[in-house]
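One letter stands for each residue in the lines below.
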Amino acid sequence: MPASRVQVAIRTRPTSTFARNELNIDTKNNRISVHVNKDTTQYVNNKLEDWAFKFNRILHNVDQEETYETCAEDIVNSVLQGYNGTIMAYGQTGAGKTFTMMGGTQNYKYRGIAPRAVAHVFRHIQTNPQVAITVRISYLEVYNEQFFDLLQENTRLQDLAVMDDAQGNVSVKGLSMKTATSEEEALNLLFEGETNRAIAEHQMNKNSTRSHCIFTMHLDIRSRIESSEKVVKSKLNLVDLAGSERVKNTGSSGKTLQEANYINKSLTFLEQVVIALSSKGRDHIPFRQSKLTNVLRDSLGGNCKTRLIANIWIEARHIHETVSTLKFATRMMRVANTPTINERQDPAMLLKKYKRQIRELKQELAMHDSLANRNNIQYDDFTPEQRQEAYEQVAGYLEDKIPEIKIVSVRQIQELFRQFKEYVRKNGGGGAAGGV
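No experiment lies behind these values; they were computed from the predicted model shown. (Residues numbered from 1 in each chain as written. Predicted model: local features only at pLDDT ≥ 70, side-chain atom pairs only at ≥ 80, totals over all residues. Heavy atoms only, no water.)

## Some remarks on the layout of surface pockets
Selection criterion: Both site types are read off a 1 Å grid over the protein atoms alone. A 1.4 Å probe that fits but cannot get out defines a cavity, while an open set with protein on both sides within 12 Å along at least five of seven lines defines a pocket; lining residues have an atom within 4 Å of a point. Grid points are joined across faces, edges and corners, and a volume is the space filled by probe spheres set on the points. Runs of H or I in DSSP of at least four residues are treated as helices and runs of E of at least two as strands, each being numbered from the N terminus. Ten residues, namely Ala, Val, Leu, Ile, Met, Phe, Trp, Tyr, Cys and Pro, are considered nonpolar, four, namely Asp, Glu, Lys and Arg, are considered charged, and the remaining ones, Gly among them, are considered polar.
A volume near 550 Å³ is recorded for the second largest pocket. When contributions to the lining of the second largest pocket are tallied by element, the ones reaching two or more residues are β8 (131–143), β11 (170–173), β15 (212–223) and β16 (230–240). Looking at side-chain class alone, the lining of the second largest pocket contains nine nonpolar, 10 polar and seven charged residues.

Now the structure itself:
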């Protein structure tokens, strides 16, 4: 599949104090215009006052269902076809990233992208019995520049590491992947991981997530009709990034301040990777600067269909953070990925197939030999006794003790030639010494 750009959607957080003087949102043409008044208290201020942005889609005051249909449904369908897919939620703290990705608990209609994607996958499994799909779940947290497995009991005591598998794909060594056979089991794993996330309170968000989290559904897809040794492996990454924070606005201190520093640092490294990927002629991409960018290598410029949902808080007091988010989203649109279907051959199934074919071919040859009145045909490897017998036949023929050797198969010819070489090596053309 040819390279495709990262798709970007902007989602606004509903508010009764919309920044009408600073923002103009054109949902029809997917454009956002921003105006920021200059600080007149400074003698020199060369900062821009106006920005104009255009994105793939703008979701202004839309519900969870429309958000899923617009931003996630096609990605999930691609994953079910064998492509890797990633949906990322980005934005300032309190802008609605976690609500977009996970949803709210007040009402069923407030479900986020993750539970809806789980339901989508298992609904597809139920309605397509001709395909066998195995679903495994992993839930990774990046907290203070360390990896933690949210599906393990002592999650805070673990430290995991990024590695490349045999096919060059990114994986996390030691990360558990639990099989889910139903929507209920998958949702239980999702909610189990949610309860283990790091959460804190500050002035802008009472339930601020203090870490980046990646909920992944790993799919093994096999056809029940076509060859069973062909397996398509795909994965759906649902990434809930921690929000960027201005400490003077959040009033963070102590542990919360330390967490904010780690969050802002990792988001800075993420932006540096995006800038490098969108720059022509750039050879080195600094993925390894942070664990977040390292684990997202597939999603950024790799084998993946990626969509970014940039959440903005459209109030005047958040206008600078809004501009920052929109700038990042614009850069993401320049990143090109090369998604391909991940089709592989299952070695175990291939071995079973080859054994079955060999057995059937031997049966067919035996039937053919029987019809042709050919007896004692050797198709298996020669035993030591049979090799000795072949050697004695060669020796007898060369020493004029027997007039000819009856040929019955190609395998016999090959063995006779081997024993002929052995005879010459040991005897120099005269005298029998014994086969090998």
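The discussion continues.
## Side note on unusual backbone geometry
Applied cut-off: Note on exposure labels: buried denotes an accessible area under 20% of the residue type's maximum, exposed denotes more than 50%, and partly exposed covers the range between, all computed with a 1.4 Å probe on protein chains only.
Even without glycine at this site, Asn30 takes up a positive phi of about 55 degrees. Of the residues examined, Asn30 reaches a relative accessible area of 13% and is grouped as buried. Its identity as a non-glycine residue notwithstanding, Asn61 has a phi of 55 degrees, on the positive side. The residue Asn61 is located in the loop between β6 (57–59) and α1 (64–71) in this model. On the accessibility criterion, Asn61 (49% relative accessible area) is partly exposed.

## Describing the environment of Asp50
Filter applied, for reference: Here a residue-residue contact requires only that any non-hydrogen atoms of the pair lie within 4.5 Å. Counting of polar contacts relies on pairs of N or O atoms within 3.5 Å, with two restrictions inside protein: one atom must be capable of donating a hydrogen and the other of accepting it, and residues adjacent in sequence are counted only when both atoms are side-chain atoms.
Relative to the helices and strands, Asp50 resides in strand β5 (residues 50–54). Remark: the alpha-carbon pair of Asp50 and His35, spanning 15 residues in sequence, is separated by 4.5 Å. Not counting residues within four places of it along the chain, the set of residues in contact with Asp50 comprises Val34 and His35. Within the structure, the side chain of Asp50 is placed 2.7 Å from the side chain of His35, a separation counted as a polar contact.

## Remarks on the packing of aromatic side chains
This is how it is decided: Two rings from Phe, Tyr or Trp (for Trp, the six-membered ring) form a pair when their centres sit within 6.5 Å of each other. Planes less than 30 degrees apart are called stacked, planes more than 60 degrees apart edge-to-face, and all others tilted. In this scheme, the term charge over a ring applies when either NZ of a lysine or CZ of an arginine sits within 6 Å of the ring centre and within 35 degrees of the ring normal.
Taken as a whole, this structure holds six aromatic pairs when the rule is applied. Taking NZ or CZ as reference, Lys305 lies 4.4 Å from the ring centre of Tyr83, over its face.

## Here we look at the environment of Glu404
Relative to the elements of secondary structure, Glu404 occurs in the loop between α11 (384–398) and α12 (410–427). Accessibility expressed as a relative area gives 61% for Glu404, which makes it exposed.

## Considering helix α2 (residues 73–81)
Of the residues making up α2, those classed as buried are Ile75, Val76, Ser78, Val79 and Leu80. The positive-phi residue at the C-terminal boundary of α2 is Gly82, with phi of around 115 degrees.

## What about the pairing of strand β7 (residues 85–91)?
Counted only if it meets this: At least two DSSP bridges between two strands are required for those strands to pair.
Of all seven residues in β7, seven are buried; the element is thus mostly enclosed. Neither face of β7 is left uncovered, since the one carrying Gly85, Ile87, Ala89 and Gly91 and the one carrying Thr86, Met88 and Tyr90 both have all their residues buried. Summarising the sheet, β7 and β16 pair through five bridges and their orientation is parallel. When the sheet's bridge partners are listed, Thr86 is paired in β16 with Asn237.

## Concerning empty space enclosed by the protein
Applying the stated criterion across every chain, the model contains one cavity of 30 Å³ or more. Space inside the largest cavity adds up to approximately 60 Å³. For the lining of the largest cavity, the elements supplying multiple residues, two or more each, are β8 and α7 (255–277). Broken down by element, the residue count for the lining of the largest cavity peaks at four residues, all from α7. Taken together, the residues of the lining of the largest cavity break down into four nonpolar, four polar and three charged.

## Overview of a negative patch on the surface
Operational definition: Only residues above 30% relative accessible area that lack a salt bridge enter a patch, with like-charged residues linked at up to 9 Å and the nonpolar side chains Val, Leu, Ile, Met, Phe, Trp and Tyr linked at up to 5 Å. To be clear on the numbers: accessible area is Shrake-Rupley with a 1.4 Å probe, and residue cover counts the displayed protein chains and nothing else. Salt bridge, as applied in this entry: a Lys or Arg side-chain nitrogen positioned within 4 Å of an Asp or Glu carboxyl oxygen. By the counting rule applied here, Lys and Arg register as positive and Asp and Glu as negative, while His and the ends of each chain are not counted. We put the charge of a Lys on NZ, of an Arg on CZ, of an Asp on CG and of a Glu on CD.
A cluster of acidic residues, Asp63, Glu65, Glu69 and Glu73, forms a negative patch on the protein surface. Mapped onto the elements of the fold, Asp63 is located in the loop between β6 and α1.

## Observations regarding the pairing of β11
A one-sided burial pattern is seen for β11, the buried positions being Val170 and Val172 and the unburied ones Ser171 and Lys173. As defined by bridge partners, strand β10 (residues 161–164) adjoins β11 across four bridges and the pair is classed as antiparallel. Bridge pairing in β11 links Met163 to Ser171.

## Concerning the packing of α1 against α2
When two helices pack together, their arrangement is given by the angle between the helix axes and by the axis-to-axis distance. Counted only if it meets this: An axis is simply a line fitted to the C-alpha atoms; with a helix, the fit covers only the stretch in contact. Between two such axes, the angle follows the N-to-C directions and lies from 0 to 180 degrees. Oblique is the label for any angle not covered by the other classes, which are roughly parallel (under 35 degrees), roughly antiparallel (over 145) and roughly perpendicular (65 to 115).
Across the interface, α1 lies against α2 with an axial gap of 4 Å and an inter-helix angle of 50 degrees. One way to sum up the angle between α1 and α2 is to call them oblique. Touching Tyr68, Glu69, Thr70 and Cys71 of α1 are Glu73, Asp74, Ile75 and Val76, all from α2. When grouped by side-chain class, the residues that make up the contact of α1 with α2 number four nonpolar, one polar and three charged.

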